[in-house]
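# Inside the fold
Single-letter residue listing:
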Amino acid sequence: MAPYPGIDTDDINDKARKDLLSLLEGVRGKKNLVIEQSLAGPIGLFAKFSTLQDYGVDKVFFLENDNLDTSQKNVVFLASGEKASQCIAIAGQIKKLQQVSSIEHEVSVIWVPRRTLVCNKILEEAGVLGDISVEALPLHFIPLDQDVLTLAYDDPFADLYLRKDPTSIFLAAQALMPIQQKYGLFPRIIGKGDNARRLMELLLRMRSEAAADENAATFRRGMMPSTSIESLIIIDREVDMVTPLLTQLTYEGLIDEMFGIKNNQAEIDTSIIGQAPGQQPKAQASTPQQQGLKRKIQLDSSDKLYDQLRDANFAIVGPLLNKVARRLAGEYESRHGAKSTSELRDFVNKLPGYQAEQQSLKTHTNLTEEALKYTQTETFNRILEVQQNLVSGTDPSSQHETIEELIARDLPLTTILRLLCLESTISGGLRPKDLDNFKRQILHAYGYQHLLTLHNLEKMGLLVARTAANPFYIPVGGGGASESNITNYNALRKSLRLIVDEVNEQDPNDIAYVYSGYAPLSVRLVQAIIQKQELLTLTRGSSSDAPPSTSSASSGWQGFEDVLKSVKGETFNKIQKGDEAAVKARNMLTGSGKVKTVVVMFLGGITRTEIAALRFVGKGLEGRKKVVVCTTAVIGGREVVGAAIEKGDFGKG
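Attention here is on the structure that accompanies the text.

How each quantity is defined
Residues numbered from 1 in each chain as written. Predicted model: local features only at pLDDT ≥ 70, side-chain atom pairs only at ≥ 80, totals over all residues. Heavy atoms only, no water. Helix = DSSP H or I, 4+ residues; strand = E, 2+ residues; numbered from the N terminus. Buried < 20%, exposed > 50% of the residue type's maximum accessible area, 1.4 Å probe, protein only. Contact = heavy atoms within 4.5 Å. Core = buried A, V, L, I, M, F, W, Y, C linked by side-chain atoms within 4.5 Å. Pairing = 2+ DSSP bridges. Axes fitted to C-alpha atoms, helices over the stretch in contact; angles between N-to-C directions. Parallel < 35°, antiparallel > 145°, perpendicular 65-115°, else oblique. Nonpolar A, V, L, I, M, F, W, Y, C, P; charged D, E, K, R; others polar. Disulfide = S-S within 2.5 Å. Phe/Tyr/Trp six-rings, centres within 6.5 Å; stacked < 30°, edge-to-face > 60°. Salt bridge = Lys/Arg side-chain N within 4 Å of Asp/Glu carboxyl O.

Another aspect to go through is the side chain of Thr363. Here Thr363 lies in helix H16 (residues 341–375). Since its relative accessible area comes to 7%, Thr363 is described here as buried. Not counting chain neighbours up to four residues away, the residues in contact with Thr363 comprise Ile273, Arg295 and Ile297.

Here you go:
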């Protein structure tokens, strides 16, 4: 896949790899690497273990396991500098190493993405700061694909919305600044949400600080609006909490729901997808332990078949696989028609490609069969029915009996909480009587430690009691305030056409295909900026209200001002300007005919279905614009409610 104009993801990977290897090279000789578990996946995306071995890494240990040995004199710790708990763990392991080892170790600590005062203080108080070397690895965005960048930061959703820790906003600003330094200023920063506004203000402040820095002459010279990037759109996850709570219905989203995808990899039981290629299954009967073996599979655009399937609605994946199987069978049989040696040689040269495709087809066919079993269960369909009834505006109380039945069936707590939080978010809270009833049932069924879980959900605004102060429950009108404190889905359902009754999943014509009839609000907001004409036609039935200029983001939110009053948080539209004469001269030289990039930044996380919807939007803009997605993390409903769930058990002393 060719790099997207405006942002070269290969360049980001190369720089991250070069920075890491340079730090490792600075530690002479063989070394043991102790890495924070949540960083191992992101680093594995751009630096393989064999590469680390070439730079002297002998063994790799996870920091959380506390099992570092004394086999090498050099020890390198690699961990997040933002987490005090990791600093305390490193200080403890360094002291332990000094006590139990007979040799004097050379210890280096590399903080990602920066060295913090908190970590310095912890190491100093532990008495080890003077004995170690401390460096920083400025690892910001990690490309998951050519069009998706994510922060190398663990659990930003819980930090931002539960612990109210704004670190991820600062790190997002730090990650976006190098893009501006390389490609020019984002000509326009548009967004929705309180945290989104904070990010915009941070970007402006960082620009001012960089311009004032005496050592930033290059930065100052290059600080003109970009000619390759059209705009930066920032969406705060808080403006649309409904979308991540819904069950994802794209192929990639469903795999994530069932198995979990982390850093483009999923761990699947070998009983489902078989052994890795080249590994022969043993002849004897497998033991229960062998049946529980898991295999990691790579899920990204390097697998051409997966690239075709991942953004499709799961309902059409079976026919797509059928089509591919028939094509491969036909191509393989064509060898019988080869008459000359050159034709046979061509076939032999293509054989490795056929075999790779056959293996990929086998893997995805097995995954699809497993997903079919999952989606055809009564429980899955009951859950999906409740979700679709809630988003379509059905009386929420009519769904309570089903939710109570699911609790009685002892379904996982995350499933129950997703449904309750979905109702609360759409309806502006549950009736106090109903909320108390569900709380009682959850505590009885899942344990009293979940008093803390329920408190956390309330703190995040996901599961609350409906009060007279929540006027947005009223299904008419868009509120009266210019900045609302709650998203009014009942008003937006019609004004942004969030529900599409007739969805063509085979050949989709609207983003609603990703949820089989529900269009993610977050992506509708992006469409309101970059697909203004199409969205106005869809929602109002005509283009008469469209602003004069709809070919770019230059008109901002124009045409949707009233709609935005029903969406939680602040609205902003900031233009960044450079030296006027220099801008005019450059525009004359470069012209305006090239394809431009729109950077969409999701603060708090984005789901895989929203990524699919944004790719669909990008296809509609082909030849004019490319959409690149940046996010603090890729999340789903499991991560949203999982952030609140209490892991301890009061019943165990």
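On we go from here.
Right, let's talk about the nonpolar core for a bit. Residues Leu199, Ile234 and Met601 are the most contacted members of the largest nonpolar core, which totals 118 residues. A total of 9 residues in this core trace back to one element, the largest contributor, which is helix H7 (residues 167–183). Judged by nonpolar contacts, the second largest core, of 25 residues, contains Ile255, Ile268, Val324 and Leu384.

The strand order S2-S1-S3-S4-S5 describes an open sheet built from 5 strands, whose pairing is parallel. Every interior strand has two partners, whereas the edge strands, strand S2 (57–62) and strand S5 (132–136), have only one. Each strand axis lies, on average, 20° off the axis of its neighbour in the sheet, ignoring direction. As paired strands, strand S4 (residues 106–112) and S5 are joined by 5 bridges and run parallel to one another. Paired with Ser108 across the strands is Ser133, a residue of S5.

This paragraph deals with the environment of Phe438. Turning to its location among the elements, Phe438 is positioned in helix H20 (residues 432–446). On the accessibility criterion, Phe438 (2% relative accessible area) is buried. With 35 residues separating them in the primary sequence, Phe438 and Ile403 have C-alpha atoms 9.1 Å apart. Not counting chain neighbours up to four residues away, the residues in contact with Phe438 comprise His400, Ile403, Glu404, Ile407, Leu420 and Leu430.

Our focus in this paragraph is the packing of helix H17 (residues 378–391) against helix H19 (residues 413–427). The geometry of H17 relative to H19 is characterised by a closest axis approach of 10 Å and an angle of 10° between their N-to-C directions. Comparing the axis directions of H17 and H19 gives the class roughly parallel. Contact with H17, carried on its side by Ile383, Val386, Gln387, Leu390 and Val391, involves Thr415, Leu419, Leu422, Glu423 and Ile426 of H19 and no other residues of that element. Considering only residue class, the contact of H17 with H19 consists of 7 nonpolar, 2 polar and 1 charged.

Our focus in this paragraph is the state of the cysteines. By the definition in use, this model includes 1 disulfide. Here Cys87 connects covalently by a disulfide to Cys119, the sulfurs 2.0 Å from one another. Note that Cys87 is positioned in helix H4 (residues 84–100) and Cys119 in helix H5 (residues 117–125), a separation of 32 residues in sequence. The exposure classification of Cys87 matches that of Cys119, with both residues buried.

For any pair of aromatic rings, the description rests on two quantities: the centre-to-centre distance and the angle between the ring planes. In this structure the tally under the stated criterion is 5 aromatic pairs. Judged by centre distance (5.6 Å) and plane angle (55°), the rings of Tyr513 and Phe616 are tilted. Here the residue Tyr513 occupies a position in the loop between helix H22 (489–495) and helix H23 (521–530), and Phe616 occupies one in helix H27 (residues 608–620), the gap between them amounting to 103 residues. Using a relative accessible area of 5% as the deciding quantity, one classes Tyr513 as buried.

What follows deals with the pattern of salt bridges. Opposite charge on two side chains permits them to pair, given that their charged atoms come into close proximity. Under the definition given, this model contains 33 salt bridges. For Arg114, the salt bridge identified is with Glu82, shortest N-O distance 2.6 Å. Remark: Glu82 occurs in the loop between strand S3 (74–80) and H4 and Arg114 occurs in the loop between S4 and H5; sequence separation between them is 32 residues. Residue Arg114 is classed as partly exposed on the basis of its relative accessible area, which comes to 27%. When salt bridges that share partners are traced, they join Lys83, Asp155, Asp159 and Arg163 into one network.

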